[in-house]
Amino acid sequence: MEPTNETELPSTDSASLDRLKRFGGGKLLNEMISLFLSAAPERVDAARSGLAANDVSAVENAMHSLKSSSAQLGALRMQRICEEGEAIARAGSLEGIAALVANLDDELPRVRTWLENARKPESA
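This structure is a prediction, so every number in the text was calculated from the model and none was measured.

What counts and what doesn't
- Residues numbered from 1 in each chain as written.
- Predicted model: local features only at pLDDT ≥ 70, side-chain atom pairs only at ≥ 80, totals over all residues.
- Heavy atoms only, no water.
- Axes fitted to C-alpha atoms, helices over the stretch in contact; angles between N-to-C directions.
- Helix = DSSP H or I, 4+ residues; strand = E, 2+ residues; numbered from the N terminus.
- Parallel < 35°, antiparallel > 145°, perpendicular 65-115°, else oblique.
- Left-handed = near helix turned anticlockwise from the far one by under 90°.
- Nonpolar A, V, L, I, M, F, W, Y, C, P; charged D, E, K, R; others polar.
- Expected span 1.5 Å × (residues − 1).
- Bend = angle between axes of the 7 residues up to and from the residue.
- Buried < 20%, exposed > 50% of the residue type's maximum accessible area, 1.4 Å probe, protein only.
- Contact = heavy atoms within 4.5 Å.

Asker: Can you break down the packing of helix 1 (residues 14-52) against helix 2 (residues 56-73) residue by residue, with the values?
Answerer: Think of two packed helices as two axes; the pair is described by the angle between the axes and how far apart they sit. Between helix 1 and helix 2, the shortest axis-to-axis distance is 8 Å and the interhelical angle comes to 160°. What the angle tells us is that helix 1 and helix 2 run roughly antiparallel. Crossing of helix 1 over helix 2 shows left-handed handedness. For the contact of helix 1 with helix 2, the class distribution of residues is 18 nonpolar, 6 polar and 1 charged.

Asker: Outline helix 4 (residues 97-118), supporting the account with residue identities and numerical values.
Answerer: Taking 1.5 Å as the rise per residue, helix 4 with 22 residues should run 32 Å; its terminal C-alpha atoms sit 30 Å apart, in good agreement. At Glu107, helix 4 shows its maximal bend, which comes to roughly 30°, and the proline Pro109 appears one to four places after that position. Where helix 4 is concerned, the buried positions are Ile97, Leu100, Val101, Leu104, Glu107, Leu108, Val111, Trp114 and Leu115. Check the buried side of helix 4 and you find it contacts helix 1, helix 2 and helix 3 (76-90).

Asker: I'd love a proper account of unusual backbone geometry, names of residues and values included.
Answerer: Although it is not a glycine, Asn54 sits at a positive phi angle of roughly 60°. Along the chain, Asn54 falls in the loop between helix 1 and helix 2. Among the residues examined, Asn54 registers a relative accessible area of 61% and is labelled exposed.

And the structure:
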C-alpha cells in the first residue's frame, strides 16, 4: 500500500454531521459532539499513558475508540491518525506511536473548534 499524501485528503467531512443531524436532529448531534469533546482528550491521554507503560493493548484500545468516534463525526484526519496507531499497536509494536500521539495533540484543538462551530444553535 502506497503512503497517502495527507494534503490530498480532507481533514473533516461536514456531510457526516449532516447525516447525524438528519438521523437524530440537532439534539442528538449536539450530544454526540459534547461526548466526543469530553472523551477525545481522555482517549489521547490513554494512548499516551499506554505508550509510557509500554502497553500495546492500552494504546490499541484508545486509538480504536478515538478512531470510531472521529469517523462518526467526520474528523477524518484524526480518524486516519488513530487508524494508523491502532494498526501499529495491533501488530504488537509501539514504534511511531509517540509521533502519532503528538499529531493527535495538534489535531484535537482544530477538531474541537470545528465541532464547537458545528453545534452552535441555528437561527430560528
